[in-house]
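Listed here are the chains, written in short residue letters.
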Number of protein chains: 2
Amino acid sequence: MAVGFYPTVVYFRAVTTEGERSGEPRTVRTPTHHEALAQVKSAIERGNLLTLFGCCTVEYDGRAESYLGSGDRLIVLKPDGTALVHTEEGQKPVNWQPPGGTFESELADERLLVRSRRPDPDETLAVHFEYVTQLSAFDVTDAKEISLAGSEEDLRQRILADPDLVEKGFTPLATERQTAAGAIDIYGKDADGTTMVVELKRRRVGPDAVGQLRRYINALRRDLHAGAEVRGVLVAPSVTERARSMLAESGLEFVSLEP
Amino acid sequence: MAVGFYPTVVYFRAVTTEGERSGEPRTVRTPTHHEALAQVKSAIERGNLLTLFGCCTVEYDGRAESYLGSGDRLIVLKPDGTALVHTEEGQKPVNWQPPGGTFESELADERLLVRSRRPDPDETLAVHFEYVTQLSAFDVTDAKEISLAGSEEDLRQRILADPDLVEKGFTPLATERQTAAGAIDIYGKDADGTTMVVELKRRRVGPDAVGQLRRYINALRRDLHAGAEVRGVLVAPSVTERARSMLAESGLEFVSLEP
DNA sequence: AAGTCTATATCGAAG
DNA sequence: CTTCGATGTAGACTT
């Protein structure tokens, strides 16, 4: 068992038992600010994923402004310019920077300062470290794409494959059909040939979805010849009480379907 | 310079130069799955912030479902139950679990498996590791709250402090005044005593904001006696072309104000 | 607990 | 480039 000293740089090559692992991560514990600066610069240069844990203050200036007092946080810097500042709680980072920016690091007042700048909108994020507990640079290449099911897109695919899920005899004619009020999820006809507008929601819907469907139908009625009959169907797992009464008022229909 | 062997557990106490630092972080490089499991369990038990870097697959099942094939990722587990799976790009984690869940870890097929379960909605996230490159457990207590300026709330405070920013003679009477269409940001009267509805947006607004303001005004006209005159003012840094014409059509006004 | 609204929303698609 | 809608939205606040 090795006991770390101060500062300690650890280079290591992974023991490979099943296929090639990624390049050597570089980890430094309790570095001096000077040493941390060198490691940060080098990691950014190499396009590594960089994590820093330590006590810091954070300033953000851009679409809004914020100041975060001194405390322990985990900072993640990605090669695409993303910056994340995480505290011990919450899913959302307490501060962040979206992809596309650039990182700069320097010693300010003899302490490590990491800055992220992003143009359009012009935004800066500055992390001032009081001390760095641990710094790690990882070589990471992850080509795999995620496959997601149960989304609205997935629901649409299922209805197109089996239109009877909406109503027996329903025939989809188009998806994303454009109207003045936006694109209709599924446009089609019922068994009698009456035009139908189907709006999909993957979860319980409120009044906003009813308004959206209503706007589509009004737009469609204007687009089609006057007096054209158009049915509107909201497809969702469930509906709020207020939305249900709005549907009734507007002569719209609801079909319950799990995503 | 120390060269890591396999596995290596590093316990260290930070050198304190300015006030007490947090407890000792625990970092393990290229652990066996068995060793990783012990460290994960111990870190969760202690309420530490845990980071894992390594090659893994990720399964999610809950509001939707997803599968993520094998690749290098950074996993962050927080003591509040938050789980984050980050790849080398993007601000959003590729998979995640909101706070409130519980972690379980075990060896499945002799490999480290970390699971997160969350009730209501019932959701599970499972990370299967092919190998762990590095594992770190941090003791973290961050009491500091973030102070944010330049938000819509901030804009409202400024207008209440100086109503002339909207219009000379404007008198705010209420904030968050309820209507059937929702709450009005600032409700008041102009120099002539005419009712005013002020809608605030901290950034460039599109047609949606005009629609929102229009709904508030219609609701208010219904609430007040018939024929009541109501002015609507949209306060934002700027407005899109389409929104500007909608404002003109609806007889609404626009005041440019930076957040 | 459920509904509503905001966000430094982020993200992707479409015009 | 803007505009628009979906998100496993998250998170805060009201009822």
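What counts and what doesn't
Residues numbered from 1 in each chain as written. Chains lettered and ligands numbered in written order. Predicted model: local features only at pLDDT ≥ 70, side-chain atom pairs only at ≥ 80, totals over all residues. Heavy atoms only, no water. UniProt positions renumbered as here; feature names shortened; annotations may be inferred. Domains from an automatic or database assignment. Helix = DSSP H or I, 4+ residues; strand = E, 2+ residues; numbered from the N terminus. Buried < 20%, exposed > 50% of the residue type's maximum accessible area, 1.4 Å probe, protein only. Lys, Arg positive; Asp, Glu negative; His and termini not counted. Salt bridge = Lys/Arg side-chain N within 4 Å of Asp/Glu carboxyl O. Contact = heavy atoms within 4.5 Å. Pairing = 2+ DSSP bridges. Axes fitted to C-alpha atoms, helices over the stretch in contact; angles between N-to-C directions. Parallel < 35°, antiparallel > 145°, perpendicular 65-115°, else oblique. Nonpolar A, V, L, I, M, F, W, Y, C, P; charged D, E, K, R; others polar. Core = buried A, V, L, I, M, F, W, Y, C linked by side-chain atoms within 4.5 Å.

For chain A, the name recorded in an unreviewed UniProt entry is Endonuclease NucS, with Haladaptatus pallidirubidus as its organism. UniProt annotates chain A under Subcellular location (unreviewed entry) with the comment "Cytoplasm".

Draft legend 1. Looking closely at the domain arrangement of chain A. Segmentation of chain A into domains returns domain 1 (8-138) and domain 2 (152-256). For domain 1 of chain A versus domain 2 of chain A, the distance between C-alpha centres works out to 47 Å.

Draft legend 2. View of the side chain of Glu88 of chain B. Positionally, Glu88 of chain B belongs in the loop between strand E6 (83-86) and strand E7 (95-97). Within the buried set, Glu88 of chain B has no salt-bridge partner at all; the shortest N-O distance to an opposite charge, 6.9 Å, is to Arg73 of chain B.

Draft legend 3. Quick look at the environment of Leu224 of chain A. Here Leu224 of chain A is to be found in the loop between helix H3 (207-223) and strand E14 (230-236). Apart from the residues within four sequence positions on either side, Leu224 of chain A is in contact with Arg177, Thr195 and Val230 of chain A.

Draft legend 4. Main features of the sheet that holds strand E11 (residues 171-179) of chain A. All names here are of chain A. Taken together, the five strands give an open sheet; going across it, the order is E11-E12-E13-E14-E15, and neighbouring strands pair in mixed fashion. Two strands bound the open sheet, and with one partner strand each, they are E11 and strand E15 (253-256). Averaged over all neighbouring strand pairs, the angle between strand axes comes to 30 degrees, with direction disregarded. The pairing of E14 with E15 spans four bridges and is parallel. If you follow Ala236 over to E15, its bridge partner there is Ser256.

Draft legend 5. Representation of the packing of helix H3 (residues 207-223) of chain B against helix H4 (residues 241-249) of chain B in the model. Residue and element names in this part refer to chain B. In contact at an axis separation of 8 Å, H3 and H4 are set at 25 degrees when each is read in the N-to-C sense. If you check the angle between H3 and H4, you find them roughly parallel. Of the residues in H4, those touching H3 at Pro207, Val210 and Arg214 are Arg242, Ala243, Met246 and Leu247. Broken down by class, the residue content of the contact of H3 with H4 amounts to five nonpolar, no polar and two charged.

Draft legend 6. Spotlight on the UniProt feature "domain: Endonuclease NucS C-terminal" (unreviewed entry) in chain A. This chain's UniProt record puts "domain: Endonuclease NucS C-terminal" (unreviewed entry) on residues 151-259 of chain A. In the segment residues 151-259 of chain A, helix accounts for 33% and strand for 31%; the C-alpha atoms at its two ends are 7 Å apart.

Draft legend 7. Molecular detail of the nonpolar core. Membership of the largest hydrophobic core comes to 26 residues, with the highest contact counts inside it found for Leu50, Leu52, Ile75, Leu77, Leu112, Phe129 and Leu135 of chain B. Sorting the residues of this core by element identifies helix H1 (33-45), strand E4 (49-61), strand E5 (65-77), E6, strand E9 (111-118) and strand E10 (123-138) of chain B as the ones contributing at least two each. The element best represented in this core is E10 of chain B, accounting for six residues. If we skip the residues at most four places from it in the chain, Leu112 of chain B touches His33, Ala36, Leu37, Val40, Leu52, Glu106, Leu107, Val127, His128, Phe129 and Val132 of chain B. In terms of nonpolar packing, the next biggest core, distinct from the first, is built from 25 residues, Val58, Ala83, Val85 and Val114 of chain A among them.

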